[in-house]
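# A structural walkthrough
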Amino acid sequence: MSPNGKTNGADKPEQNESPQTESPDMASGLSLASHEAHILEKLQSLGLDDAAPESVSSTILNDTSLDGVVAYINNKGCKNVVTMAGAGISTSAGIPDFRSAGTGLYHNLQKYDLPCPEAIFHLSFFRKNPKPFFVLAKELFPGAFKPTACHYFIRLLHENGLLLRHYTQNIDALERVAGIPDEKLVEAHGTCYTGHCLECRKKYGLKWMKERIFKDEIPICEKCPGIVKPDIVFFGENLPAKFYNSIDVDFEKCDLLIILGSSLEVNPFASLIDMPSSLTPRLLINREKAGHRTGAMALSDIPGGLEFDRKGNTRDVAWLGDCNDGCQLLADRLGWGEELKEMVRKEHEKLDKSKTQETAPIAPPSDEALDCQ
């Protein structure tokens, strides 16, 4: 589930340009503008200038193809892989499209007389009329869908000691269901897995919220009369503090960036592609090419964006097609193909069994104790 929707296997979201801090837990204290300024400063410190890639005397990839990336990984050239994911990795899980005419979730919520479809994710509208959001939340609640081969490929990166961090725009919690540890996750647009009272900030867990949402009730705080809102980022809120606190450390270490199922059209998430060093290889697995000079990068003199078609490109690779197929192919060439298929099969069987037994398939977060009694 994402406020940004899904189109053609990649997310094509819209972004509020003036986020406001809702709480210390969900806000970073940085505005969108200051974050982009921070990224520009970071790029300058990395020494990016107008020099063309062909002027670089030392390159990392043998060739700018999937085989070149495989050779780089197999030769133990990278140990700190950062992955970025958008809506395209979850579409095949059956998560409905948001904007399709007649069948999209936004269309089906029009009976609630929304001023516009996106109003369901605006904080001001939610405070006045939370019912449409919780109708949507019930349909897309964590546990209703199974992770895809993409999610399990990211887990394999972790199990092979290569995953430094996984950044996701999605709020469907499928990374957690797939077994990717909390400490490896940065849920840039928040998560439905936890919630807070909008008034007193009391924390609530998934089980508590599910009980009320599936009774078609508005979750009301037990301490005060405030509405309990899942910790997804609404328009009008900042991204989670973990996002801002992780990027400097992660992208200084990043020696391979893999982008999965994202149109890279929304900042600040899209601007992360320019955070690694100017030599770090970047692989896009998506239905179409994406990531050419976006947001603040397009307005600056600093080069930015992915450069698949630029003469002398030595670092950027695009594999175009279904994300599951791309991840399976990459796993095959890394020698993990059968392991990935078997992992998907076994984990889906476990999820089917746990659903039958009505047990929660998602492990609790390891970094904090939730007050959800």
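For every chain, the first residue of the written sequence is number 1, and numbering continues from 1 onward in sequence order. Under the rules for a predicted model, residues below a pLDDT of 70 receive no local features and side-chain atom pairs below 80 are neither given nor counted, while totals for whole chains, interfaces and linings still include all residues. With hydrogens and water set aside, each side-chain value is computed from the structure's full complement of heavy atoms.

### Some details on the sheet that holds strand β5 (residues 203–205)
Taken in spatial order, the three strands make up an open sheet running β5-β4-β6, and their pairing is antiparallel. For this open sheet the edge positions go to β5 and β6 (228–232), each flanked by a neighbour on one side alone. Geometrically, the sheet is characterised by an average inter-axis angle of 40° between neighbouring strands, direction not taken into account. Where strand β4 (residues 190–197) and β5 come together, three bridges link them in antiparallel fashion. In this analysis, strands are considered paired if DSSP registers two or more bridges between them. Secondary structure elements follow DSSP: runs of H or I of four or more residues count as helices, runs of E of two or more count as strands, with numbering from the N terminus. Angles run from 0 to 180 degrees between N-to-C directions of axes, and those axes are lines fitted to C-alpha atoms, restricted for helices to the stretch in contact.

### Let's talk about the side chain of T194
Summarising the element assignment, T194 is placed in strand β4. Polar contacts, as used here, are pairs of N or O atoms within 3.5 Å; protein pairs need one atom able to donate a hydrogen and one able to accept it. Residues neighboring in sequence count only if both atoms are side-chain atoms. A polar side-chain atom of T194 sits 2.7 Å from a polar atom in the side chain of D231.

### Side note on the nonpolar core
Here, nonpolar core refers to any group of buried Ala, Val, Leu, Ile, Met, Phe, Trp, Tyr and Cys residues whose side-chain atoms link them within 4.5 Å. Only protein chains enter the area calculation, which uses a 1.4 Å probe; residues under 20% of their type maximum are buried, those over 50% are exposed, and those in between are partly exposed. Grouped together as the largest cluster of nonpolar side chains are 74 residues, with contacts concentrated most on F133, F153 and L330. Broken down by element, the residue count for this core peaks at seven residues, all from helix α6 (residues 149–159). Each domain's extent was defined by an automatic or database domain assignment. The two domains that each donate at least three residues to this core are domain 1 (60–90 + 147–189 + 239–353) and domain 2 (96–144 + 193–232). We call two residues in contact when some of their heavy atoms are within 4.5 Å. Excluding residues that lie within four positions of it along the chain, F153 makes contacts with C327, L330, A331, L334, W336 and L340. Judged by nonpolar contacts, the second largest core, of 24 residues, contains V186, F243, A270 and F308.

### Here's the deal with the pairing of strand β2 (residues 163–168)
In terms of residue burial, β2 counts as a mostly covered element, since six of its six residues are buried. Across five bridges, the pairing between strand β1 (residues 81–85) and β2 is parallel. Counted as the bridge partner of T83 is H166 from β2. As paired elements, β2 and strand β3 (residues 185–187) share three bridges and run parallel to each other. Paired with Y167 across the bridge in β3 is V186.

### Description of the UniProt feature "binding site: Zn(2+)" (unreviewed entry) in the protein chain
UniProt positions are given in the numbering used here, feature names are shortened, and annotations may be inferred rather than shown by experiment. Under the UniProt annotation, "binding site: Zn(2+)" (unreviewed entry) lies at C197, C200, C221 and C224. The greatest C-alpha distance among the residues just named is 8.5 Å, despite their covering 28 residues of sequence, which places them together in space. Among the structural elements, C200 can be located in the loop between β4 and β5. When its relative accessible area of 26% is taken as the criterion, C200 is described as partly exposed. Aside from chain neighbours lying at most four places away, what touches C200 is C221, K223 and C224. Relative to the helices and strands, C221 resides in the loop between α8 (206–213) and β6. Beyond its immediate stretch of four places on either side in the chain, C221 contacts C197, C200, K202, Y204, G226 and V228.

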